[in-house]
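Observations on the three-dimensional arrangement
Next come the chains, spelled out residue by residue.
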Amino acid sequence: MRMRFPWPRARSRQPELVCQQVVELVTDYLEDVLSAADRERFERHLAGCPHCTEYLAQMRETIRLAGRVAAEDLTPVMRADLTDLYRRWRAEG
Ligand SMILES: [Zn+2]
């Protein structure tokens, strides 16, 4: 099952991904279903963003442990936790 976040996408108007979009795309990336252009943007963002690199590593670990990622694995609480995490990262800047 593909996981979908309810967050809005604005990719067509933004050549560079913001962290929230990376979080949104990470399962597509791990499932290798991104378009070549999206994948390139995703990897370009990762290259300059240790927070998203870390998030991707955590997602890989989650998938390794769970064997898969299902929509129910990411609850609204977990999304709220992620939002807090990114807010902290920005505050630390
Ligand atoms: Zn990022």
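Being a predicted model, the structure only gives us computed values, none of them experimental. As a convention, each chain's residues are numbered from 1 in the sequence order in which they are written. Reporting of local features is limited, given that this is a predicted model, to residues whose pLDDT is at least 70; pairs of side-chain atoms are given and counted only at 80 or more, and all residues count toward the totals for whole chains, interfaces and linings. The basis for every side-chain value is the complete set of heavy atoms in the structure, and neither hydrogens nor water enter the calculation.

1. Description of the overall build of the protein chain
In plain terms, the rule: Each helix is a run of DSSP H or I of at least 4 residues and each strand a run of E of at least 2, with the numbering of both proceeding from the N terminus. Only protein chains enter the accessibility calculation, which uses a 1.4 Å probe; a residue is then buried when its area is under 20% of its type maximum, exposed when over 50%, and partly exposed in between. Only the protein chains shown count as cover for residues, and all accessible areas are computed by the Shrake-Rupley method using a 1.4 Å probe.
Along the backbone of the protein chain there are four helices and zero strands. Along the protein chain, helices (α) and strands (β) appear in the sequence α-α-α-α when read from the amino end. Evaluated residue by residue, the protein chain yields a buried proportion of 35% over its 93 residues. As displayed, the protein chain offers around 6,000 Å² of accessible surface, 53% of which is attributable to carbon and sulfur atoms.

2. Side note on the nonpolar core
Formally: Residues enter a nonpolar core if they are buried and are Ala, Val, Leu, Ile, Met, Phe, Trp, Tyr or Cys, with the set joined through side-chain atoms within 4.5 Å. Any two residues whose heavy atoms approach within 4.5 Å are treated as being in contact.
With 18 residues, the main nonpolar core has Phe42, Cys52, Tyr55 and Tyr86 as its most contacted residues. Sorting the residues of this core by element identifies α1 (19-30), α2 (36-47), α3 (50-66) and α4 (76-92) as the ones contributing at least two each. Ignoring anything within four residues of it in the chain, the contact list for Tyr86 reads Cys19, Val23, His51, Cys52 and Tyr55.

3. Re the coordination of the zinc ion
In an ideal tetrahedron of four donors about a metal, each angle is 109.5 degrees. In an ideal octahedron of six donors, the angles are 90 or 180 degrees. Inclusion rule: Coordination here is defined by N, O and S atoms within 2.8 Å of the metal (3.2 Å for Na, K and Ca), and since water is not considered, a site can look incomplete.
The zinc ion binds to the protein through Cys19 (SG), His45 (NE2), Cys49 (SG) and Cys52 (SG); the donor distances cover 2.0 to 2.3 Å. All donor residues of the zinc ion come from one chain, and their arrangement in sequence is C-x25-H-x3-C-x2-C. Taken as a pair, Cys19 in helix α1 and His45 in helix α2 lie far apart in primary sequence, 26 residues in all. The same class applies to Cys19 as to His45, namely buried.

4. A closer look at unusual backbone geometry
The phi angle at Asp32 is positive, at roughly 60 degrees, despite the residue not being glycine. Mapped onto the fold, Asp32 is located in the loop between α1 and α2.

5. Let's talk about α1
In an α-helix there are 3.6 residues to a turn, and that puts residues three or four apart on one side. Our working definition: Multiply 1.5 Å by the residue count of a helix minus one, and that product is the helix's expected span.
Taking 1.5 Å per residue as the helical rise, α1 with its twelve residues ought to reach 16 Å, and the 16 Å between its terminal C-alpha atoms agrees with that figure. Of all the twelve residues making up α1, ten are buried; the element is thus mostly covered by neighbouring parts of the structure. Taken residue by residue, α1 has Cys19, Gln21, Val22, Val23, Glu24, Leu25, Val26, Thr27, Asp28 and Tyr29 as its buried positions. Positive backbone phi, at 60 degrees, marks Asp32, one or two positions downstream of α1.

6. Observations regarding the pattern of salt bridges
Where we set the bar: Salt bridge criterion: a side-chain nitrogen from Lys or Arg within 4 Å of a carboxyl oxygen from Asp or Glu.
Inspection of the entire model under this criterion finds five salt bridges. Here Glu40 makes a salt bridge to Arg44, at a shortest N to O gap of 3.2 Å. Taken together, the residues Glu40 and Arg44, both in helix α2 and four residues apart, mark about one turn of the helix. Given a relative accessible area of 39%, Arg44 falls into the partly exposed group. A cluster of three or more residues bridged by salt bridges with shared partners is formed by Asp32, Arg39 and Glu43.

7. Observations concerning the packing of aromatic side chains
The criterion, for reference: Two rings from Phe, Tyr or Trp (for Trp, the six-membered ring) form a pair when their centres sit within 6.5 Å of each other. Planes less than 30 degrees apart are called stacked, planes more than 60 degrees apart edge-to-face, and all others tilted.
As enumerated under the stated definition, the model contains one aromatic pair in all. Ring geometry for Tyr29 and Phe42: centres 4.3 Å apart, planes at 15 degrees, overall stacked. Here Tyr29 is found in helix α1, whereas its partner Phe42 is found in helix α2, with 13 residues between them in sequence. Look at Tyr29 and you get buried, because its relative accessible area is 10%.

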